[in-house]
Amino acid sequence: MNLIAYIDDIEAFMPHFVLYRRGFGNPYLVGYGDYCQSERNSKLTDCYCTACRTRFEDGIRKPKEYKHLEIGTCANCGAPVEFRQMNRGRSTFYYTKNFAVFEKVADRVRIECIIAYMKFADDELQPEIDCYTVTRYELSPGKAVQYWCSYDAALKNYVWKPKKSRAREPNYARGFYWRDNNYTLINQEAVESSFLRYLFKDEQLPSMYITWLCRYAEHPQLEYLINGGVPQIAMDYIYHGMKVRLNWRSNNMKKVLRLSKPELEYFVKLEGRGYAGYINFRKSFFCGRTPEETVKYYDDFGKSWDYVEQIEELTKLPRKKIMDYALRKKNQQGTAFFLICYRDYLRECVMLDYDMTSTAVTMPKDVFSAHETTSKLISEINDEKINFILKKNDSKRQDLEAVDMELGLILRLPYSVKEISDEGAALNHCVGGYAQRHAEGKLTIMFLRTLGHKSEPFYTMEVSNELEIVQCRGYKNNQAGNPKPYEIELFERRYSEYLERVKKQRLKEHRKKQQHEYRRNARRKARKAC
């Protein structure tokens, strides 16, 4: 392809400049922006416009009105330009832009993807424009070939070779550097006069335009999908690489998509959305006696059939029976919501050792009320287990409870996990989320009460396993206009001193226990030696 023939079209998309200096158009000062001594007070501006390629003297705008790197219009030709001083910014200027140049040759279309660049030479005012090719394409009916440049050791030169893989979008990046892969079309009229002209009639061109052309050259049936009411299928095929195989050998749209007439009418209403999911649903999950039945069940269970499979595994019931049951029992929140509740109910039945062969268990009259019943039973069982662990751990931290008769305050451990949740609800703070960790012994929650009202929530304290006060909070974390009173702060200081004494006592008991174990092991070894 002769790219020189398109250099004017490429230049039209490049930026233009007005290079300016104070004074007259002095031919000896081509590459400089300084003015001569006689031009110091000149009111003229010596300019050169790269759009009209003319050097002129601007007597309307004063030299002070020109600003370096400012956007404006040329005073001579009116083209949009960027102002630059003649001696500033030209040597470092380098601008690039991506292009795709089209050319028709007989019944083929050639595409050359190039990167055009613009830069200034040392002593020239007109920038030079050049380009280099990134990749090439050759499209013919039934075939799309992409070429890439590689080094041939035998020829000791770079040659263009066809890629073995399918033709794809051009990659303008080089190495590990990121680069914008958008491109501007040059001579796109060549496509409109070729065999590719039927793809997009009077429509805005889409993204990944070259990939569209390559796929259309390989499979002209794409036109049927776009104009036949299912454009989303064509878009999924181009953009996402559809995993469902289409029958490109046929020219009948129903045979291309492997759909019957009712199925095709259904997807025309949806503009082709969900086609791949329907094919997988029909192939892997459920295929009805008629296409209408398959479409009906897909409409209700197309996005939730994995829940049906989980329910089938739990109940061993047929899929169609489960789906019919869901359609009868679902509420206004839809099929998916019902299936989630139904699945959770069955899992709880398994945990409770219910008879999963009984229809009364697997298909209750009211799933939602049955789910509430099993949830309550599970929570009661869990509370019993947690409270058992709680009592076991509380026996080791009874020494943390304290009473301050002078301040009239008592600090005690919770009796159950539910009491911690009730404490959080009464004081409107987040201590309820600490209940599990308190029961497991990862931290300690203490209730601070007044001696006169021992059962009324007052303050809640968290103590770490290192026996340090982490926090002590009242109603709404003391953020509701109720700052922490002096008595509580005093109690915290006294309790911190008490925790230090508990630390020492526990350390002392731990050392005694170690010494006792050491002596016992020593006696055992002595007996064995005898």
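Residues numbered from 1 in each chain as written. Predicted model: local features only at pLDDT ≥ 70, side-chain atom pairs only at ≥ 80, totals over all residues. Heavy atoms only, no water.

Novice: Looking at this model, I keep getting lost on the packing of aromatic side chains. Mind explaining?
Specialist: The description of two aromatic rings rests on the distance between their centres and on the angle between their planes. Under the definition given, this model contains 33 aromatic pairs. Taken together, a centroid distance of 5.7 Å and an interplanar angle of 35° make the contact between Phe 338 and Tyr 342 tilted. With Phe 338 and Tyr 342 both in helix α12 (residues 335-351) and 4 residues apart, this pair spans about one turn of that helix. As far as the burial class goes, Phe 338 and Tyr 342 line up, both buried. (Phe/Tyr/Trp six-rings, centres within 6.5 Å; stacked < 30°, edge-to-face > 60°. Helix = DSSP H or I, 4+ residues; strand = E, 2+ residues; numbered from the N terminus. Buried < 20%, exposed > 50% of the residue type's maximum accessible area, 1.4 Å probe, protein only.)

Novice: Can you walk me through the sheet that holds strand β11 (residues 184-186) in this structure?
Specialist: Strands pair in a sheet through their backbones, by hydrogen bonds, and they do so in one of two ways: parallel or antiparallel. Spatial ordering of the open sheet is given by β10-β9-β8-β7-β6-β11, a layout of 6 strands whose pairing is mixed. Of all strands in the sheet, those bounded by a partner on one side alone are β10 (157-162) and β11. Adjacent strand axes in the sheet meet at a mean angle of 30° when their direction is disregarded. Set on the sheet, helix α3 (residues 209-218) makes contact with β6 (94-105), β7 (108-119), β8 (128-140), β9 (143-152) and β11; between it and β8 the angle comes to about 25°. (Pairing = 2+ DSSP bridges. Axes fitted to C-alpha atoms, helices over the stretch in contact; angles between N-to-C directions. Contact = heavy atoms within 4.5 Å.)

Novice: Where do I start with the sheet that holds strand β13 (residues 409-412) in this structure?
Specialist: Spatially, 5 strands are ordered β12-β13-β14-β15-β16 in an open sheet, and the strand pairing comes out antiparallel. Looking at strand neighbours, the two that pair on one side only are β12 (402-404) and β16 (469-473), the edges of this open sheet. Neighbour-to-neighbour, the strand axes of this sheet turn through a mean angle of 20°, independent of strand direction. Of the pairings in the sheet, the one linking strand β14 (residues 444-450) to strand β15 (residues 459-463) comprises 5 bridges and is antiparallel in character. By the bridge assignment, Thr 444 is partnered in β15 with Val 463.

Novice: Would you mind going over the pairing of β7 with me for this structure?
Specialist: Consecutive side chains along a regular strand alternate between the two faces of the sheet. For β7, the buried fraction is high: 9 of the 12 residues fall into the buried class. Inspection of the sheet shows β6 paired to β7 by 12 bridges, in the antiparallel sense. Bridging from a neighbouring strand, Ala 100 pairs with Cys 113 of β7. Adjacent in sequence and paired antiparallel, β6 and β7 are bridged by 2 residues, among which Ala 106 carries a positive phi angle near 60°.

Novice: Looking at this model, I keep getting lost on the pattern of salt bridges. Mind explaining?
Specialist: Where side chains of opposite charge bring their charged atoms close, a pairing between them can arise. On inspection of all chains with the given rule, the structure shows 27 salt bridges. Between Glu 138 and Arg 108 there is a salt bridge whose closest N-O contact spans 2.9 Å. Of this pair, Glu 138 sits in strand β8 while Arg 108 sits in strand β7, and the two are 30 residues apart along the sequence. For Glu 293, the salt bridge identified is with Lys 320, shortest N-O distance 3.9 Å. Taken together, the residues span a long stretch of sequence, with Glu 293 in helix α9 (residues 291-301) and Lys 320 in helix α11 (residues 319-329) at a distance of 27 residues. With relative accessibility at 34%, the residue Lys 320 sits in the partly exposed group. It is possible to trace a salt-bridge network through shared partners that takes in Arg 21, Asp 46 and Arg 55. (Salt bridge = Lys/Arg side-chain N within 4 Å of Asp/Glu carboxyl O.)

Novice: Would you mind going over α3 with me for this structure?
Specialist: In an α-helix, one turn spans 3.6 residues, which is why side chains three or four residues apart end up on the same side. Burial runs high along α3: 10 of the 10 residues are buried. By the burial criterion, the buried members of α3 are Tyr 209, Ile 210, Thr 211, Trp 212, Leu 213, Cys 214, Arg 215, Tyr 216, Ala 217 and Glu 218.

Novice: Would you explain the state of the cysteines in this entry?
Specialist: Formally, a disulfide is one covalent bond, and it connects the sulfur atom of one cysteine to the sulfur atom of another. Applying the stated criterion across every chain, the model contains 0 disulfides. The thiol sulfur of Cys 131 is not disulfide-bonded, and the nearest other cysteine sulfur, from Cys 113, lies at 12 Å. Between Cys 430, a cysteine without a disulfide, and Cys 472, which holds the nearest cysteine sulfur, the sulfur-to-sulfur distance is 13 Å. (Disulfide = S-S within 2.5 Å.)

Novice: Hey, could you run me through the confidence of the model for the chain in this one?
Specialist: When pLDDT is low, close inspection of the predicted coordinates is not appropriate. In the predicted model, the chain carries a mean pLDDT of 88, and the fraction of residues at 70 or more is 96%. Confidence drops under a pLDDT of 50 for residues 29-33, and excluding neighbours within four residues, the segment shows 17 contacts in the predicted structure. (pLDDT = per-residue confidence, 0-100.)

Novice: Please clarify how helix α15 (residues 417-427) should be interpreted in this entry.
Specialist: Taken as a whole, α15 has its buried residues at Val 417, Glu 419, Ile 420, Glu 423, Gly 424 and Leu 427. Taken end-on, α15 shows its buried residues confined to a sector of 160°, consistent with a single buried face. Opposite the buried face of α15, by more than 90 degrees, sit the exposed residues Lys 418 and Ala 425. Contacts from the buried residues of α15 go to α14 (367-394), β13, α16 (435-440), β14 and β15. Two or three places before Glu 419, at the opening of α15, Ser 416 has a side-chain oxygen 3.3 Å from that residue's backbone nitrogen. Two residues or fewer past α15, Asn 428 is found with a positive phi of approximately 60°. (Arc of directions from axis to C-beta. Polar contact = N/O pair within 3.5 Å; in protein donor to acceptor, adjacent residues only side chain to side chain.)

Novice: Can you help me understand the pairing of strand β3 (residues 54-58) in this one?
Specialist: Where strand β2 (residues 45-49) lies against β3, 5 bridges are found, and the strand directions are antiparallel. If you follow Cys 47 over to β3, its bridge partner there is Phe 56. Hairpin geometry of β2 and β3 is characterised by an intervening segment of 4 residues between the two adjacent antiparallel strands and by a positive phi of about 55° at Arg 53.

Novice: Any chance you could explain the nonpolar core here in plain terms?
Specialist: Counting residues in hydrophobic clusters, the biggest one holds 72 residues, and the most contacted among them are Ile 111, Leu 139, Leu 257, Tyr 275 and Tyr 342. Beyond its immediate sequence surroundings of up to four residues, Tyr 275 is in contact with Ile 233, Met 242, Val 244, Leu 246, Leu 257, Leu 259 and Phe 267. (Core = buried A, V, L, I, M, F, W, Y, C linked by side-chain atoms within 4.5 Å.)

Novice: Please clarify how the side chain of Arg 215 should be interpreted in this entry.
Specialist: Relative to the elements of secondary structure, Arg 215 occurs in helix α3. Polar side-chain contacts of Arg 215 include one of 2.7 Å to the backbone oxygen of Ala 167. The contacts of Arg 215, once residues within four sequence positions are left out, are Arg 166, Ala 167, Leu 222, Tyr 237 and Ile 238.

Novice: I tried to follow the side chain of Gln 221 on my own but got confused; where do I start?
Specialist: Position of Gln 221 relative to the elements: it lies in the loop between α3 and α4 (222-227). Residue class for Gln 221 comes out buried when judged on its relative accessible area of 6%. Excluding anything up to four places from it in sequence, Gln 221 contacts Trp 248, Arg 249, Ser 250, Asn 251 and Val 256.

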